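Understanding the architecture of this molecule
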Amino acid sequence: MTLGGFLDVSRETMERLERYSELLVKWNPRINLVSKSTIDDLWTRHILDSAQIFEIPKGGIRRWVDLGSGGGFPGLVVAVLVRELEQQFEIMLVESDARKCAFLSSVARELDLKVQIKNDRIENLNSLDADIVSARALADLSSLLDLSERHLAQGATLLLMKGKKWRSELETAQSKWNFDCQIVKSKTSEGSVILCVSGVCRV
Ligand SMILES: C[S@@+](CC[C@H](N)C(=O)[O-])C[C@H]1O[C@@H](n2cnc3c(N)ncnc32)[C@H](O)[C@@H]1O
């Protein structure tokens, strides 16, 4: 089966994603996992948007860490997608809100996903030694680099999902940090991009 016209997945994966979206709709009124204005378009705005990130890294991953996962975007979608590949890498979701972590744990249990869920602030954690760090709607690029630096393994890549202000964020970050950045256009949201950042070090 094809997911969003860009990713081939099994029927089981599609069923897991459908169940995940049902659980989100059920829990959302209580803990505001996604904004009310986007819940009717959950599939495109959140699930497909997150799924596109899965195609970008090219192997060699031991640990993928998603920062500020909220309702699981993009990290929990990645956990569903990697499950059909017999779990080629470890996935960790970091989220400071305990209610959101309870939701993430409940979905992971029901969908039989192997994910570690860390209910803490990113700043409080020892180095997570991640090969991939992802984040969506968490902070501006400079703040994301501040938060992530300590958690990057050698040769790590950050996959940062950014809205229309990405150019000015990039300019500001380049005055404080050295890094390589590949810009991938979003397949689901006009004007949004995924910044693929590597070789991060302070200026
Ligand atoms: C705007 S939401 C985005 C959630 C999700 N990534 C998405 O795209 O739907 C940001 C999330 O990051 C969490 N968060 C913010 N600062 C954090 C920090 N320093 N450490 C851990 N989680 C944090 C918040 O609790 C919230 O759930």
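Parameters at a glance
Residues numbered from 1 in each chain as written. Predicted model: local features only at pLDDT ≥ 70, side-chain atom pairs only at ≥ 80, totals over all residues. UniProt positions renumbered as here; feature names shortened; annotations may be inferred. Helix = DSSP H or I, 4+ residues; strand = E, 2+ residues; numbered from the N terminus. Contact = placed C-beta atoms within 7 Å. Buried ≥ 20, exposed ≤ 12 C-beta atoms within 10 Å, placed from the backbone. Core = buried A, V, L, I, M, F, W, Y, C linked by C-beta atoms within 7 Å.

You'll find the chain entered in an unreviewed UniProt entry as Ribosomal RNA small subunit methyltransferase G, with Roseovarius rhodophyticola given as the organism. Here is the UniProt Subcellular location (unreviewed entry) comment for the chain, exactly as written: "Cytoplasm". Comment text from UniProt for the chain, heading Catalytic activity (unreviewed entry), reads "guanosine(527) in 16S rRNA + S-adenosyl-L-methionine = N(7)-methylguanosine(527) in 16S rRNA + S-adenosyl-L-homocysteine".

Under the present numbering, the feature "binding site: S-adenosyl-L-methionine" (unreviewed entry) in UniProt falls on Gly68, Phe73, Ile122, Glu123 and Arg136. Mapping Phe73 onto the fold places it in the loop between strand 3 (63-67) and helix 3 (75-83). Not counting residues within four places of it along the chain, the set of residues in contact with Phe73 comprises His46, Ser50 and Arg136. Inspection of the secondary structure puts Ile122 in the loop between strand 5 (116-118) and strand 6 (130-136). Look at Ile122 and you get buried, because 23 C-beta atoms sit within 10 Å.

Core analysis: the largest hydrophobic core is formed by 52 residues, its most contacted members being Leu76, Val78, Val80, Val133 and Leu160. The dominant element in this core, judged by the number of residues it contributes, is helix 3, at 7 residues. Every residue in contact with Leu160, bar those within four places of it in the chain, is listed here: Ala135, Leu141, Leu144, Ile194, Leu195 and Val197.

Note that Val77 resides in helix 3. By C-beta crowding, Val77 is classed as buried, having 24 other C-beta atoms within 10 Å. Placed 78 residues apart in sequence, Val77 and Gly155 show a C-alpha to C-alpha distance of 24 Å. Apart from the residues within four sequence positions on either side, Val77 is in contact with Ile47, Ser50, Ala51 and Gly72.

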